[in-house]
Amino acid sequence: MIDAGKAVAAMLTNPGVLEDYLEVVGRGNPLQRQAAPHIALPTTAGTGAEVTQNAVLLVPEQKVKVSMRSPLMLPTVALIDPLLTHAMSPSLTASTGLDALTQLIEPFVSRKANPLTDGICREGLRLVSRSLAEAFRNGGNEQAREDMALAALFSGLALANAGLGAVHGFAGPLGGLIDAPHGCLCGKLLPHAMRVNVAALRRDAVSCVPTLARFDEIGRILTQNSSASAADAVEWIAGLCQTMSLPGLRKFGLKEECFAEVIAKARKASSMKGNPVELQDDELTEILRSGMD
């Protein structure tokens, strides 16, 4: 709803139609005027949309989710009150929380990672590590809800300043193709995308050592184990998804015969440009196939 509000605020002050400003399937024109004043008040803890300069919108006829994007779309005021998230169901807590987790990991290993977002991501990952599972189990835990509200805010700041990666590259096309919550898509693909990215980075280990070290650091933060590695991070995330009974993408209607279409659209997504390494079609296929069940 926040993204819809940002788009409405932008169209109130700019000429033309929505398609003039959409990426990928539209003309991608820049906004000319500041959006109308608007307040972003999140009632979930996941998207960080209250502090981003884009609105992700479903285009049903194109079977894809795409963005309209401009710094002129930033909300006038962002108010984050964790109390507003207490009514979330366990399934919604899981879905939105996994979105926040993905939006903290992908900017941390992005090609556009920087010292500012690094600090935000590290703290956000610590918050998710200690509180997402607890918020899922006990929605009335005030500390867990506060931690996840802050982690979601951090994830929005991180993606806005360092970009995303393959998981969100897939999420746009998949979100237009199947009726699955965005966070479920992210959660089911995240551990597999991390595993495939690490393997791809190791092919060029000399130049990619710093990025590989970041994946290992994610493992140490999430597991709170100083000797953990990237493999431990993958295992931790997969275990979390299992604990929260996250369904596979097959249950949402994804079929393997759709993979080629999804991969072709994902390659055009702006998020894919931030992935730490360019992945081949067979690697992208492996990520999708691994997220089916």
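Below, the structure is looked at part by part.

Definitions and cut-offs
Residues numbered from 1 in each chain as written. Predicted model: local features only at pLDDT ≥ 70, side-chain atom pairs only at ≥ 80, totals over all residues. Heavy atoms only, no water. Helix = DSSP H or I, 4+ residues; strand = E, 2+ residues; numbered from the N terminus. Buried < 20%, exposed > 50% of the residue type's maximum accessible area, 1.4 Å probe, protein only. Contact = heavy atoms within 4.5 Å. Areas by Shrake-Rupley, 256 points an atom, 1.4 Å probe, with all protein chains shown as cover. Expected span 1.5 Å × (residues − 1). Salt bridge = Lys/Arg side-chain N within 4 Å of Asp/Glu carboxyl O. 1 Å grid on protein atoms, 1.4 Å probe; cavity = no way out; pocket = protein on both sides within 12 Å on 5 of 7 lines; lining within 4 Å. Points joined across faces, edges and corners; volume = space filled by probe spheres on them. Nonpolar A, V, L, I, M, F, W, Y, C, P; charged D, E, K, R; others polar. Patch = residues over 30% accessible without salt bridge, like charges linked within 9 Å, V, L, I, M, F, W, Y side chains within 5 Å. Core = buried A, V, L, I, M, F, W, Y, C linked by side-chain atoms within 4.5 Å. Phe/Tyr/Trp six-rings, centres within 6.5 Å; stacked < 30°, edge-to-face > 60°. Lys NZ or Arg CZ within 6 Å of the ring centre and 35° of its normal.

Digging into the overall build of the protein chain
Consideration 1: When you go through the protein chain residue by residue, the secondary structure sums to 10 helices and four strands.
Consideration 2: The order of helices and strands in the protein chain, counted from the N terminus, is α-β-β-β-β-α-α-α-α-α-α-α-α-α.
Consideration 3: Along the three orthogonal principal directions, the C-alpha set of the protein chain runs to about 55 × 45 × 40 Å.
Consideration 4: Among the 293 residues that make up the protein chain, the fraction classed as buried is 53%.
Consideration 5: Restricting to contacts in the protein chain with at least 6 residues of sequence separation, those with at least 24 account for 73%.
Consideration 6: A total of about 12900 Å² of accessible surface is found on the protein chain, and carbon and sulfur atoms cover 54% of it.

Observations regarding helix α2 (residues 90-109)
Consideration 1: If you check α2, its first and last C-alpha atoms are 29 Å apart, about what 20 residues at 1.5 Å a residue would give, namely 28 Å.
Consideration 2: Burial runs high along α2: 17 of the 20 residues are buried.

Thoughts on the pattern of salt bridges
Consideration 1: For the structure on display, the rule yields 14 salt bridges.
Consideration 2: Taking the shortest distance from any N to any O, the salt bridge between E134 and R137 comes out at 3.2 Å. Placement of both E134 and R137 in helix α3 (residues 115-137) is noted, with a separation of three residues, approximately one turn of the helix.
Consideration 3: When the shortest N-O distance is used, the salt bridge between D281 and R267 registers 2.7 Å. Residue D281 is located in helix α10 (residues 281-290), and its partner R267 is located in helix α9 (residues 259-268); the two are separated by 14 residues in the primary sequence.
Consideration 4: Relative accessible area serves as the criterion here: at 43%, D281 is assigned to the partly exposed category.
Consideration 5: On the accessibility criterion, R267 (35% relative accessible area) is partly exposed.

Some remarks on the layout of surface pockets
Consideration 1: Quantified by volume, the second largest pocket comes out at close to 160 Å³.
Consideration 2: If you trace the second largest pocket, you find it lined by R111, R267, A269, M272, K273, N275, V277, E278, L279 and L284.
Consideration 3: Tallied by class, residues from the lining of the second largest pocket come to five nonpolar, one polar and four charged.

Here we look at empty space enclosed by the protein
Consideration 1: A complete count under the given rule lists two cavities of 30 Å³ or more for this structure.
Consideration 2: Here the largest cavity is characterised by a volume of approximately 80 Å³.
Consideration 3: Along its surface, the largest cavity is lined by 13 residues, and E106, V109, A193, N197 and N275 are the ones closest to its centre.
Consideration 4: Secondary structure elements with two or more residues in the lining of the largest cavity: α2, α5 (166-177) and α6 (182-202).
Consideration 5: The leading source of residues in the lining of the largest cavity is α6, at four residues.
Consideration 6: In terms of lining, the second largest cavity is formed by P42, T44, A45, E50, I80, D81, P82, T85, A149 and A152.

Observations concerning α5
Consideration 1: The terminal C-alpha atoms of α5 lie 17 Å apart, and with 12 residues this matches the ideal 16 Å at 1.5 Å per residue to within 8%.
Consideration 2: With 11 of 12 residues buried, α5 lies mostly within the body of the structure.
Consideration 3: Residues of α5 that are buried include every one of A166, V167, H168, G169, F170, A171, G172, P173, L174, G175 and G176, and no others.
Consideration 4: On its buried face, α5 is in contact with β2 (54-59), β3 (64-69), α2, α6, α9 and α10.

Observations regarding a nonpolar patch on the surface
Consideration 1: The grouping of I39, L41, V77, L79 and L84 at the surface amounts to a nonpolar patch, some 420 Å² of accessible area in total.
Consideration 2: Relative to the elements of secondary structure, I39 occurs in strand β1 (residues 39-40).

Re the nonpolar core
Consideration 1: Core analysis: the biggest nonpolar cluster contains 69 residues, and L101, I105, F170, L174, M194 and I218 have the highest contact counts within it.
Consideration 2: Here I105 is in contact with L125, L190, M194, I218, L222 and I237, once residues within four sequence places are set aside.
Consideration 3: Core analysis: the next-biggest nonpolar cluster, separate from the first, contains 15 residues, A7, A10, L22 and V66 among them.

A few points about the packing of aromatic side chains
Consideration 1: Under the criterion given, the structure shown has zero aromatic pairs.
Consideration 2: The aromatic ring of F108 is capped on one face by R214, whose charged end is 4.8 Å from the ring centroid.

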